[in-house]
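Examination of the molecular architecture
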Amino acid sequence: DVKVTQSSRYLVKRTGEKVFLECVQDMDHENMFWYRQDPGLGLRLIYFSYDVKMKEKGDIPEGYSVSREKKERFSLILESASTNQTSMYLCASSSPGGRRAFFGQGTRLTVV
Amino acid sequence: TQLLEQSPQFLSIQEGENLTVYCNSSSVFSSLQWYRQEPGEGPVLLVTVVTGGEVKKLKRLTFQFGDARKDSSLHITAAQPGDTGLYLCAGDRGSNYKLTFGKGTLLTVNP
């Protein structure tokens, strides 16, 4: 079965820390995405990548960066965590055409 | 500006009732997808509709794509507690990889 795996279900970090969220997919998908999900705001796209070493900003990239060194792995980096980055982070992948996205189980990040 | 508006935002019903949730936009989409998300988990795809006017059925769930490909609806017949969850619609505008999500409808089905 298809699988997108996020490295942590829950994380608690301190303000100012550098935070790495890892995502791995086993479907050989070209496209990978990072979203954050907040009550009342829905899913908002942070960054996406359509090929290795390629990345594009989504709707809310400020305060984040990404890395895609291998096709199966897409990392989200919070350069200096802040309390307003407390959220549920969701990774997804899709094949070209993007009409079926597979999501990981999510990482609930709390920044204190 | 929210490209996809979902309504209602919240819905609480009794087991056995029927319900419809809506996903509307002023923009045309190449396809619309419906996902269900359970608490603490990632969204899971239920269906993709591609052709204007298309109707797809998944057991007790019926999905319809509007003729103009700007809106969609999800109808659940005889809802069960297992249907409880956040229902999200998402559209692609032919960009090859980027989806736009609505904010979702949170459905609670009470036994």
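Values in this document were obtained by computation on a predicted structure and should not be read as measured data.

Comments concerning the overall build of chain B
- Scanning chain B from terminus to terminus reveals zero helices and eleven strands.
- For chain B, the C-alpha radius of gyration of 13 Å lies close to 13 Å, the compact-globule estimate for 111 residues.
- With the C-alpha coordinates aligned to their principal axes, the bounding extent of chain B is approximately 40 × 30 × 20 Å.
- The burial tally for chain B puts 45% of its 111 residues in the buried class.
- In the form shown here, chain B has an accessible surface area of approximately 5,200 Å², with 49% of it arising from carbon and sulfur atoms.

Comments concerning the nonpolar core
- The biggest cluster of nonpolar side chains holds 22 residues, and the ones touching the most others in it are Trp34, Ile46, Leu76 and Tyr89 of chain A.
- Of all the elements in the fold, those that place two or more residues in this core are β3 (19-25), β4 (31-38), β5 (42-51), β7 (64-70), β8 (73-78), β9 (87-94) and β11 (107-111) of chain A.
- If we skip the residues at most four places from it in the chain, leucine 76 of chain A touches Val19, Phe20, Leu21, Trp34, Ile46, Tyr64, Ser65, Val66 and Tyr89 of chain A.
- In terms of nonpolar packing, the next biggest core, distinct from the first, is built from 21 residues, Ile13, Val21, Leu32 and Phe65 of chain B among them.

Some points on the sheet that holds strand β3 (residues 19-24) of chain B
Residue and element names in this part refer to chain B.
- With antiparallel pairing, the five strands of this open sheet are ordered in space as β1-β3-β8-β7-β6. What marks the edges here is a single partner per strand, and that holds for β1 (5-7) and β6 (55-58). This sheet shows a mean twist of 15° between the axes of neighbouring strands, independent of strand direction.
- Strand direction decides the pairing type here: β6 and strand β7 (residues 61-65), joined by four bridges, are antiparallel. Considered in β7, the bridge of valine 55 is made with glutamine 64.

Rules behind the numbers
Residues numbered from 1 in each chain as written. Chains lettered and ligands numbered in written order. Predicted model: local features only at pLDDT ≥ 70, side-chain atom pairs only at ≥ 80, totals over all residues. Heavy atoms only, no water. Helix = DSSP H or I, 4+ residues; strand = E, 2+ residues; numbered from the N terminus. Rg over C-alpha atoms; globule rule 2.2 N^0.38 Å. Buried < 20%, exposed > 50% of the residue type's maximum accessible area, 1.4 Å probe, protein only. Areas by Shrake-Rupley, 256 points an atom, 1.4 Å probe, with all protein chains shown as cover. Core = buried A, V, L, I, M, F, W, Y, C linked by side-chain atoms within 4.5 Å. Contact = heavy atoms within 4.5 Å. Pairing = 2+ DSSP bridges. Axes fitted to C-alpha atoms, helices over the stretch in contact; angles between N-to-C directions.

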